[in-house]
Amino acid sequence: MVKANGSDGGRSLAGQAYDRLRRDILRCHIKPGQEVTEAQLAAQYRLGKTPVREGLARLVHEGLVHPLPRRGYRVAPITIGNVKELLGFRLIVETQAAKLAAGRCNVAQLRRLDELCAVGYDPNDAKSLERFLRANRELHTTIAAAAGNRKLAQVITQLLDEVERVLYMALELGGRRVPMSHAHRSVVDALAAGDGEAAAAAIEEQIRGVERMILEAAIESPRLSVVNLAAV
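Anyway, here's the lowdown on the structure attached to this text. Remember, it's a predicted structure, so these values are computed and weren't measured experimentally.

## Considering the environment of K84
Move 1: Locating K84 in the fold gives a position in helix α4 (residues 80-101).
Move 2: You can call K84 partly exposed: its relative accessible area is 46%.
Move 3: Sequence-wise, K84 and R208 are 124 residues apart; in three dimensions their C-alpha atoms are separated by 10.0 Å.
Move 4: Apart from the residues lying within four places of it in its own chain, the contact partners of K84 are E211 and L215.

## Topic: the side chain of H140
Move 1: Locating H140 in the fold gives a position in helix α6 (residues 126-146).
Move 2: For H140, a relative accessible area of 1% translates into the label buried.
Move 3: There is a polar contact of 3.1 Å between the side chain of H140 and the side chain of Q206.
Move 4: With residues near it in sequence (within four places) discarded, H140 still touches R90, E94, L160, H184, I203 and Q206.

## Description of the pairing of strand β4 (residues 65-68)
Move 1: Alignment of β4 against strand β5 (residues 72-75), held across four bridges, turns out to be antiparallel. The residue of β5 that forms the bridge with H66 is R74.
Move 2: What sits between β4 and β5 in their antiparallel hairpin is a turn of three residues, with R70 showing a positive phi close to 65 degrees.

## Regarding the side chain of H184
Move 1: With respect to the helices, strands and loops of the structure, H184 is situated in helix α8 (residues 180-193).
Move 2: Within the local environment of H184, its side chain forms a polar contact with the side chain of Q206, the two groups lying 3.4 Å apart.
Move 3: In this structure, H184 is in contact with C117, N136, L139, H140 and Q206, ignoring residues within four places of it in sequence.

## Some words on the pattern of salt bridges
Move 1: Using the criterion set out here, one finds 15 salt bridges in the structure.
Move 2: For R74, the salt bridge is made with E35, and the minimal N-O distance between the two is 2.8 Å. Here E35 lies in strand β3 (residues 35-36) and R74 lies in strand β5, a separation of 39 residues in the sequence.
Move 3: Classification of R74 as partly exposed rests on a relative accessible area of 27%.
Move 4: Judged by relative accessible area, which is 35%, E35 ranks as partly exposed.
Move 5: The salt bridge involving E138 is made with R112; its shortest N-O contact spans 2.8 Å. Here R112 lies in helix α5 (residues 107-117) and E138 lies in helix α6, a separation of 26 residues in the sequence.
Move 6: Using a relative accessible area of 30% as the deciding quantity, one classes E138 as partly exposed.

## Topic: a nonpolar patch on the surface
Move 1: There is a patch of nonpolar side chains on the surface, built from F89, I92 and V155 and spanning about 260 Å² of accessible area.
Move 2: Its place among the elements puts V155 in helix α7 (residues 150-172).

## Description of the packing of aromatic side chains
Move 1: Applying the stated criterion across every chain yields a total of zero aromatic pairs.
Move 2: If you follow R58 out to its NZ or CZ, it ends over the ring of Y18, 3.5 Å from the centre.

Basis of the calculations
Position labels on residues start from 1 in each chain and follow its written sequence. Totals for whole chains, interfaces and linings use all residues, but because this is a predicted model, local features are given only for residues with pLDDT of at least 70 and pairs of side-chain atoms are given and counted only at 80 or more. For the side-chain quantities, the full set of heavy atoms in the structure was used; hydrogens and water were omitted. Secondary structure elements follow DSSP: runs of H or I no shorter than four residues count as helices, runs of E no shorter than two count as strands, and numbering proceeds from the N terminus. Exposure is judged per residue with a 1.4 Å probe applied to protein chains only, and the accessible area is read against the type maximum: over 50% gives exposed, under 20% gives buried, and values in between give partly exposed. Contacts are assigned to residue pairs with any non-hydrogen atoms lying within 4.5 Å of each other. Side-chain atoms alone can form a polar contact between residues adjacent in sequence; in general such a contact is a pair of N or O atoms within 3.5 Å, and within protein one must be able to donate a hydrogen while the other accepts it. A pair of strands is considered paired only if DSSP assigns at least 2 bridges between the two. Any carboxyl oxygen of Asp or Glu within 4 Å of a side-chain nitrogen of Lys or Arg constitutes a salt bridge here. Exposure above 30% relative accessible area and no salt bridge define the residues that can form patches, which grow by joining like charges within 9 Å and nonpolar side chains of Val, Leu, Ile, Met, Phe, Trp and Tyr within 5 Å. Here the accessible surface of atoms and residues is derived via Shrake-Rupley with a 1.4 Å probe, and residues count as covered only by protein chains that are part of the display. Planes of paired rings set the category: under 30 degrees apart is stacked, over 60 is edge-to-face and the rest tilted, where pairs are Phe, Tyr or Trp rings (Trp by its six-membered ring) whose centres lie within 6.5 Å. Criterion for a charge above a ring: Lys NZ or Arg CZ within 6 Å of the ring centre, and within 35 degrees of the ring normal.

Following this line, the structure appears as structure tokens:
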């Protein structure tokens, strides 16, 4: 329930609009390539046009939506080129983070990484997918934090937002089970042993497996046109 003073738990209406829009875009509830209007979104979220407009402006700045003059906005499409570029960048920054984190994770971090490795998912259960992707994100951000380089951790955290949207799309398309749990376990074992090269190799194995899963799901799915994953 939105309070009369324009806040909900201290969050401004514009902040609420931004958070909810961003969440729904990243989780592909608002599909890649979908066109939306301020009026439509204001009605959907039961917020005024002004906070929705402000939220959209922030998302334009982040590149998640594009303005369409006199028509509204289009959610940024996901392209095969985007996916390859995104995951190629992940290979560079996350393998380096794994090398730096090896031997530096404290007991609490290693215990939490163990717990996160155990989280699986049912491709037919949306809540299960959300839990798995939250765990996947936390695992990677925990490793990035343990690397001890604040700028590197910040880049990886921002990068994982884009990765999350692509993973939601691929898993909703029925992407096959990629052995992320096995790769995660290999990463954690290498980190605990202080073996940076092995940790980096395990991260690379996982990222390459994710890339194969995403591209196979997108190319083989009869819903390809629905999610608008273009071939460029």
